[in-house]
Amino acid sequence: MTDVKLKPCPFCSSDNVKVHIPYFVDALYQIQCYDCYCTTALYKTEEEAINRWNTRFQVEAEWEMF
């Protein structure tokens with residue numbers, strides 16, 4: 001396992017996020033939030049799963065009320 005810190009969950013902001021190896025597939029990795037149970041797709045390496053989780057599209061728009 002790598003020592004890279006995972007970002008909080010983008011849906012619930014929880015820090016209870018870990019690298020997960022699904023029980024049905026022992027050679028692939030995904031990231032899972034253990035509070036809201038969202039997950040990533042399956043990746044061939046742990047590093048790729050972590051990189052995809054930590055690299056997110058950021059919307060930097062500000063909303064104005066009418």
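Look above for the structure.
Cut-offs used in this document
Residues numbered from 1 in each chain as written. Predicted model: local features only at pLDDT ≥ 70, side-chain atom pairs only at ≥ 80, totals over all residues. Heavy atoms only, no water. Helix = DSSP H or I, 4+ residues; strand = E, 2+ residues; numbered from the N terminus. Buried < 20%, exposed > 50% of the residue type's maximum accessible area, 1.4 Å probe, protein only. Contact = heavy atoms within 4.5 Å. Core = buried A, V, L, I, M, F, W, Y, C linked by side-chain atoms within 4.5 Å. Phe/Tyr/Trp six-rings, centres within 6.5 Å; stacked < 30°, edge-to-face > 60°. Lys NZ or Arg CZ within 6 Å of the ring centre and 35° of its normal. Polar contact = N/O pair within 3.5 Å; in protein donor to acceptor, adjacent residues only side chain to side chain. Pairing = 2+ DSSP bridges.

**Q** I'm lost on the overall build of the chain in this one. Help?
**A** A count of helical and extended segments in the chain gives one helix and two strands. For the chain, the succession of helices and strands along the chain, N to C, is β-β-α. Residue burial in the chain is summarised as follows: out of 66 residues, 29% are buried. By sequence separation, contacts in the chain at least 24 residues apart represent 30% of the contacts at least 6 residues apart.

**Q** What exactly am I supposed to notice about the nonpolar core here?
**A** If you look at soluble globular proteins, the nonpolar side chains tend to sit buried side by side. Residues Leu 6, Cys 9, Val 17, Val 19, Ile 31, Cys 33, Cys 38, Tyr 43, Ala 49, Ile 50 and Trp 53 constitute the largest nonpolar core, which totals 11 residues. At the level of elements, β1 (17–20), β2 (30–33) and α1 (46–54) are the ones that each hand at least two residues to this core. With three residues, the single largest contributor to this core is α1.

**Q** Would you mind going over the packing of aromatic side chains with me for this structure?
**A** Any pair of aromatic rings gets described here by the distance separating the centres and the angle formed by the planes. Following the criterion strictly, the structure yields zero aromatic pairs and no others. Between Lys 18 and the ring centre of Tyr 34, over which it is positioned, the NZ or CZ distance is 5.4 Å.

**Q** What is the right way to look at the side chain of Asn 54 in this model?
**A** Considering the arrangement of structural elements, one finds Asn 54 in helix α1. From its side chain, Asn 54 meets the backbone oxygen of Lys 5 in a polar contact 3.1 Å long. Sequence-distant contacts of Asn 54, that is, excluding residues within four places in its chain, are made with Val 4, Lys 5, Leu 6 and Lys 7.

**Q** Got a minute to help me understand the pairing of β2 in this structure?
**A** Successive side chains on a regular strand alternate, one facing one side of the sheet and the next facing the other. Neither face of β2 is open: one carries Gln 30 and Gln 32, the other Ile 31 and Cys 33, and all of them are buried. Bridge count for β1 against β2 is four bridges, and the pairing is antiparallel. Following the sheet pairing, Lys 18 is matched in β2 by Gln 32.

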